[in-house]
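# Chain and residue survey
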Amino acid sequence: MGIRDFDRTLASNRMIFEVRRDAGKLQRFHADLEATMAAYGLTDVEKAAWRNVDIHRLGELGVHPYFLPQVSRLIEGAAYNHNKSAAARLYAAKMKIAGEE
Amino acid sequence: MGIRDFDRTLASNRMIFEVRRDAGKLQRFHADLEATMAAYGLTDVEKAAWRNVDIHRLGELGVHPYFLPQVSRLIEGAAYNHNKSAAARLYAAKMKIAGEE
Amino acid sequence: MAEIVAIVALSHAPGLTGWLDRASASVQKNLLAGYAELGRLLRQAKPDVIIGVANDHLLNFPMHAIPDFCVGTASRWTGPAPWFQDWVNVPPYQVAGHPDLAKTLVREGAREGVNFAFADELLFDDNWSVPLRYLTPDYDIPLVPIHMNCVIPPLPAPERCVEIGRTIAEIIRMRRPAGERVAIMATGGLSHDPGGPKYFAVDEKFDRWFLDLLEQGNAERIMREVTIDKMLAAGDGGTSELLAWMVALGAAGPRKARTICYEPAVELRCGMGAVAWPMEAQS
Amino acid sequence: MAEIVAIVALSHAPGLTGWLDRASASVQKNLLAGYAELGRLLRQAKPDVIIGVANDHLLNFPMHAIPDFCVGTASRWTGPAPWFQDWVNVPPYQVAGHPDLAKTLVREGAREGVNFAFADELLFDDNWSVPLRYLTPDYDIPLVPIHMNCVIPPLPAPERCVEIGRTIAEIIRMRRPAGERVAIMATGGLSHDPGGPKYFAVDEKFDRWFLDLLEQGNAERIMREVTIDKMLAAGDGGTSELLAWMVALGAAGPRKARTICYEPAVELRCGMGAVAWPMEAQS
Ligand SMILES: [Fe+3]
Ligand SMILES: [Fe+3]
């Protein structure tokens with residue numbers, strides 16, 4: 001898992017790319033994840049990983065690594081994103097790496 | 001003048017690119033050249049060349065060579081585009097090269 | 001591992017479908033016979049899918065972002081694009097795509113150092129409309145179109161195009177399922193100059209020199225000698241479409257091409273030719 | 001001929017504006033002092049325009065078509081992009097562009113073999129929002145942003161990035177009007193790993209090795225030794241942003257860089273550093 005293993009054709013990558021760029025799409029993403037995933041044509045395994053906020057699995061499926069902390073910020077918010085922030089701790093927990101307590 | 005001298009930032013290139021791809025834009029181009037040129041932000045020298053169907057001048061200004069015969073077809077029609085067709089003869093005349101009579 | 005069952009390259013000038021009757025009887029006869037033979041060769045190889053390689057003709061690559069190569073990933077293609085229909089004089093057609101193979105090329109290409117763009121929507125003009133009309137008139141073989149940049153400098157170098165062809169062949173052989181039969185079809189060239197001073201001319205000498213080189217099967221020499229400068233000198237606006245043939249050459253490796261037909265067809269404003277690289281029958 | 005009056009490179013990690021208070025007092029002090037000094041250096045050079053070079057962060061280059069380099073041609077830019085605003089913690093700002101210079105780069109780049117994409121709309125995240133906040137807090141120097149691909153393989157090779165920098169410098173000197181004063185600002189790096197296992201780590205050894213190499217001013221050695229493999233090993237998700245620094249290096253030529261500051265700031269999840277290449281005072 002790393003930038004060399006990412007899959008630019010994966011539907012999740014397009015979904016993340018677009019929701020960060022467009023306030024309307026972002027709102028729909030937050031309001032109805034299922035509808036957004038369906039609209040972007042995610043596969044069942046991708047959908048399952050999103051439902052479980054399984055950030056590590058998304059990486060395995062080919063989501064670009066750079067997007068993975070952004071997923072944690074989409075879920076937990078992006079402000080004051082220090083190492084003990086909710087987003088950073090979510091990332092550490094889901095990736096099973098040591099974070100700061 | 002040649003493909004190495006073309007200017008990809010020239011407004012005329014974007015105009016030609018788009019009108020060939022979109023029936024609505026093509027119709028507006030034919031119905032109102034001035035409005036279309038204004039919409040694409042052509043410079044005054046570009047506009048003058050279009051008004052005069054000065055295909056050679058458009059090439060000098062940086063229109064891609066491949067577009068130049070297409071300009072002749074936008075003006076004279078594209079069907080049965082043999083060497084004595086109206087479009088091919090327009091191209092030859094405006095480029096001041098020997099065509100077929 | 002999948003198998004490459006046919007590799008061909010051919011001119012796609014719209015005069016072949018649009019105003020062939022303006023050519024001499026012998027030009028008409030030779031080109032029709034040649035393209036018919038090439039179609040037989042291709043169909044007899046029973047490909048499951050054709051990977052096409054052709055110039056984009058400034059139709060899909062926007063001026064502000066020109067990729068070198070773009071792989072069509074759609075499951076279905078239609079052509080010709082509306083504004084080109086009366087020009088190419090080909091009735092509307094549909095042909096299946098092959099998203100799975102297309103995405104394999106994109107994904108594995110990235111690992112091999114090739115930055116393939118990809119697209120679910122591509123307008124087709126003469127690049128596919130003319131060849132398919134003659135080679136697969138029933139439109140019954142799925143197509144993965146690869147549009148490339150042959151005419152907006154900086155162009156991908158001949159060496160790079162050959163390398164891309166090698167990479168495509170390797171991906172097919174190593175990353176596609178056993179039993180899959182793949183054909184490669186490059187279209188474009190030979191000498192022509194749409195938009196330049198040689199619009200009504202053909203450079204027969206250049207064309208025959210290039211075809212001779214292909215028949216010698218020496219890719220190294222072709223990369224070295226068939227420079228972009230020489231291609232542009234033989235017709236600035238279009239001859240560098242032969243970069244698509246270089247991709248086929250890369251896939252063909254050291255095989256010697258066979259020229260199926262050639263006509264310096266001034267009436268069609270294009271050196272018209274077709275070649276096939278003989279593939280060993282493996283199945 | 002125009003003049004290049006300043007060349008600088010610096011990290012742009014969002015922690016510097018977003019959560020700097022979480023770093024130790026000494027890290028805060030050193031970085032604030034360093035970035036302030038870099039800003040003074042840059043502004044004292046009185047540039048008419050800054051050419052910025054930075055990673056696009058998968059924000060503007062769509063997945064289906066990733067250019068290596070994209071030149072921003074707008075006359076006015078705004079930032080930060082909405083979703084990034086609370087992350088970078090930078091108030092909304094506007095800064096002028098320089099369409100004429102930007103289009104010169106695109107046009108002349110094509111002649112020199114560089115396929116620059118260009119865009120009138122580009123979203124800004126930390127890549128510009130963090131550096132501008134410290135270096136030009138009044139947003140009063142026009143910016144030509146060049147977004148590049150630092151993290152989507154295949155990446156432009158270090159050699160290619162240095163070559164692009166040389167080409168940019170040559171275009172400025174040969175194709176821009178006399179009297180024009182141009183600064184070059186590369187942003188990105190140093191070691192960091194957004195999205196990888198080293199998210200909470202910094203590779204201080206790599207960073208100091210790289211900064212030492214820059215201080216030696218040997219571009220050939222840097223291109224040879226600072227490989228993409230080594231950058232990815234020092235932090236897979238972000239360290240290859242140093243490819244932007246390679247562009248600055250190419251523009252700087254044989255000059256020796258001076259390190260203004262460096263802190264292996266784990267609290268900011270990034271090796272934070274800034275360098276300047278001393279330019280001879282010509283006016
Ligand atoms: Fe063509
Ligand atoms: Fe960054």
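A brief look at the structure comes next. Remember, predicted model here, so these are calculated numbers, not experimental data.

### Quick notes on the overall build of chain A
When you go through chain A residue by residue, the secondary structure sums to seven helices and zero strands. The order of α-helices and β-strands along chain A, N terminus first, is α-α-α-α-α-α-α. What you see for chain A is a C-alpha radius of gyration of 13 Å, in line with the 13 Å of a compact globule of 101 residues. Judged by the C-alpha coordinates and their principal axes, chain A covers about 40 × 30 × 20 Å. The 101 residues of chain A split such that 55% are buried. When contacts within chain A are restricted to residue pairs at least 6 apart in sequence, those whose partners lie at least 24 apart make up 49%.

### Remarks on the coordination of the iron ion (ligand 2)
All names here are of chain D. At the metal site, the iron ion (ligand 2) is ligated by His12 (NE2), His57 (NE2), Glu241 (OE) and Glu241 (OE), and these contacts range over 2.0 to 2.6 Å. Around the iron ion (ligand 2), the four donor atoms are arranged such that angles at the metal cover 54 to 140°; this shape is classified as irregular. All donors of the iron ion (ligand 2) belong to a single chain; written as a sequence motif, their spacing is H-x44-H-x183-E. Taken as a pair, His57 in the loop between β2 (49–55) and β3 (69–72) and Glu241 in the loop between α9 (228–233) and α10 (242–252) lie far apart in primary sequence, 184 residues in all.

### Observations regarding the coordination of the iron ion (ligand 1)
All names here are of chain C. Distances from the iron ion (ligand 1) to its protein donors, His12 (NE2), His57 (NE2), Glu241 (OE) and Glu241 (OE), fall within 1.9 to 2.7 Å. Metal-centred angles of 54 to 140° between the four donor atoms at the iron ion (ligand 1) mark the site as irregular. The sequence pattern describing where the donors of the iron ion (ligand 1) fall on their chain is H-x44-H-x183-E. With a gap of 229 residues between them, His12 in the loop between β1 (3–10) and α1 (15–18) and Glu241 in the loop between α9 (228–233) and α10 (242–252) connect regions that are remote in the sequence.

### Quick look at the packing of aromatic side chains
The tally for this structure, following the rule as stated, stands at 26 aromatic pairs over all chains. Members of the aromatic cluster, each reached through a chain of ring pairs, are C:Phe206, C:Trp209, C:Phe210 and C:Trp245. Cation over ring: A:Arg73 sits above D:Trp87, and NZ or CZ is 3.8 Å from the ring centre.

### Focus on the sheet that holds strand β6 (residues 117–119) of chain D
Sheets are built from strands that pair by backbone hydrogen bonding, the pairs being arranged parallel or antiparallel. All names here are of chain D. Across the sheet, which stays open at both edges, the eight strands sit in the order β6-β3-β7-β2-β8-β1-β10-β9 with mixed pairing between neighbours. Looking at which strands have only one partner, the edges of the open sheet turn out to be β6 and β9 (258–265). Going across the sheet, the axis of each strand differs from the next one's by a mean of 20°, ignoring polarity. Summarising the sheet, β3 and strand β7 (residues 143–148) pair through three bridges and their orientation is antiparallel. The residue of β7 that forms the bridge with Cys70 is His147.

### Details of the nonpolar core
Counting residues in each nonpolar core, the largest one holds 152 residues, and the members touching the most others are D:Ile51, D:Ile168, D:Phe210, D:Trp245 and D:Trp277. The greatest single-element share of this core, amounting to ten residues, is contributed by α10(D). With 150 residues, the next largest nonpolar core counts B:Met15, C:Cys150, C:Ile171 and C:Ile228 among its residues.

### Some remarks on the pattern of salt bridges
Residues and elements named next belong to chain D. Applying the stated criterion to the full structure yields 34 salt bridges over all chains. Taking the shortest distance from any N to any O, the salt bridge between Glu220 and Arg166 comes out at 3.3 Å. Remark: Arg166 occurs in helix α6 (residues 158–175) and Glu220 occurs in helix α8 (residues 219–225); sequence separation between them is 54 residues. Exposure remark for Arg166: the relative accessible area of 38% places this residue in the partly exposed category. The closest approach of N and O atoms between Glu225 and Arg221, which form a salt bridge, is 3.0 Å. Taken together, the residues Glu225 and Arg221, both in helix α8 and four residues apart, mark about one turn of the helix. What makes Glu225 partly exposed here is its relative accessible area of 22%. Given the relative accessible area of 27%, Arg221 is considered partly exposed.

### Notes on the interface of chain D and chain A
Counting residues at the interface gives 37 residues for chain D, matched by 35 residues for chain A. When chain D packs against chain A, the two sides together hide about 3300 Å² of surface, and 61% of this comes from carbon and sulfur. By the criterion of area lost to chain A, the three top residues of chain D are D:Met63, D:Trp83 and D:Phe200, representing 25% of everything that side buries. Our enumeration of links across chain D and chain A arrives at one salt bridge. Measuring nitrogen to oxygen at the nearest pair gives 2.8 Å for the salt bridge that ties D:Asp229 to A:Arg4. Across the chain D-chain A interface, the total number found is 15 residue pairs in polar contact (both at pLDDT 80 or more). Listing elements by their share of the side of chain D that touches chain A, those giving two or more residues are α3 (85–88) and α9 of chain D. No other element matches the three residues that α9(D) contributes to the side of chain D that touches chain A.

### Notes on the environment of C:Gly165
If you trace the backbone, C:Gly165 turns up in helix α6 (residues 158–175). Contacts of C:Gly165, omitting those with residues within four sequence positions, involve C:Val247, C:Gly250 and C:Ala251.

### Examining the interface of chain B and chain D
Between chain B and chain D, the contact holds five residues from the first and eight residues from the second. Between chain B and chain D the total buried area reaches about 570 Å² when both faces are included, carbon and sulfur atoms providing 50% of it. Taken as a group, B:Asp7, B:Arg8 and B:Thr9 account for 83% of the area that chain B buries against chain D, more than any other trio of residues on that side. The tally of links from chain B across to chain D stands at two salt bridges. B:Asp5 is paired through a salt bridge with D:Arg111; the nearest N and O atoms lie 3.3 Å apart. One can count four residue pairs in polar contact (both at pLDDT 80 or more) joining chain B with chain D. Of the residues in the side of chain B that touches chain D, the class split is no nonpolar, one polar and four charged.

### Here's the deal with helix α4 (residues 44–51) of chain A
All names here are of chain A. When α4 is considered as a whole, its buried residues turn out to be Glu46, Lys47, Ala49 and Trp50. Buried residues in α4, looked at end-on, bunch into an arc of 160°, giving them a common side. Turning to α4, the residues buried within the fold contact α1 (11–19), α2 (23–31), α3 (33–39), α5 (55–61) and α6 (67–76).

### What to know about the sheet that holds strand β9 (residues 258–265) of chain C
Residues and elements named next belong to chain C. A sheet is described by the order of its strands in space; here eight strands give the open sequence β6-β3-β7-β2-β8-β1-β10-β9, paired in mixed fashion. Looking along the sheet, the strands with just one partner apiece sit at the ends: β6 (117–119) and β9. Each adjacent strand pair in this sheet contributes to an overall mean axis angle of 20°, direction not counted.

### Description of the state of the cysteines
Tallying each qualifying case throughout the model produces zero disulfides over all chains. Unpaired in terms of disulfides, C:Cys261 finds its nearest cysteine sulfur in C:Cys270, a separation of 12 Å. Not engaged in a disulfide, the cysteine D:Cys150 finds its nearest cysteine sulfur in D:Cys161; these two sulfurs lie 7.0 Å apart.

### Let's talk about the side chain of D:Glu108
Summarising the element assignment, D:Glu108 is placed in helix α4 (residues 99–111). Non-local contacts of D:Glu108, meaning those with residues more than four positions away in its chain, are made with D:Ile171 and D:Arg175.

Criteria and cut-off values
Residues numbered from 1 in each chain as written. Chains lettered and ligands numbered in written order. Predicted model: local features only at pLDDT ≥ 70, side-chain atom pairs only at ≥ 80, totals over all residues. Heavy atoms only, no water. Helix = DSSP H or I, 4+ residues; strand = E, 2+ residues; numbered from the N terminus. Rg over C-alpha atoms; globule rule 2.2 N^0.38 Å. Buried < 20%, exposed > 50% of the residue type's maximum accessible area, 1.4 Å probe, protein only. Contact = heavy atoms within 4.5 Å. Donors = N, O, S within 2.8 Å, 3.2 Å for Na, K, Ca; no water. Tetrahedral: all angles 85-135°; square planar, octahedral: opposite > 155°, others 65-115°. Phe/Tyr/Trp six-rings, centres within 6.5 Å; stacked < 30°, edge-to-face > 60°. Lys NZ or Arg CZ within 6 Å of the ring centre and 35° of its normal. Pairing = 2+ DSSP bridges. Axes fitted to C-alpha atoms, helices over the stretch in contact; angles between N-to-C directions. Core = buried A, V, L, I, M, F, W, Y, C linked by side-chain atoms within 4.5 Å. Salt bridge = Lys/Arg side-chain N within 4 Å of Asp/Glu carboxyl O. Buried area = accessible area lost by both parts, 1.4 Å probe. Polar contact = N/O pair within 3.5 Å; in protein donor to acceptor, adjacent residues only side chain to side chain. Nonpolar A, V, L, I, M, F, W, Y, C, P; charged D, E, K, R; others polar. Arc of directions from axis to C-beta. Disulfide = S-S within 2.5 Å.

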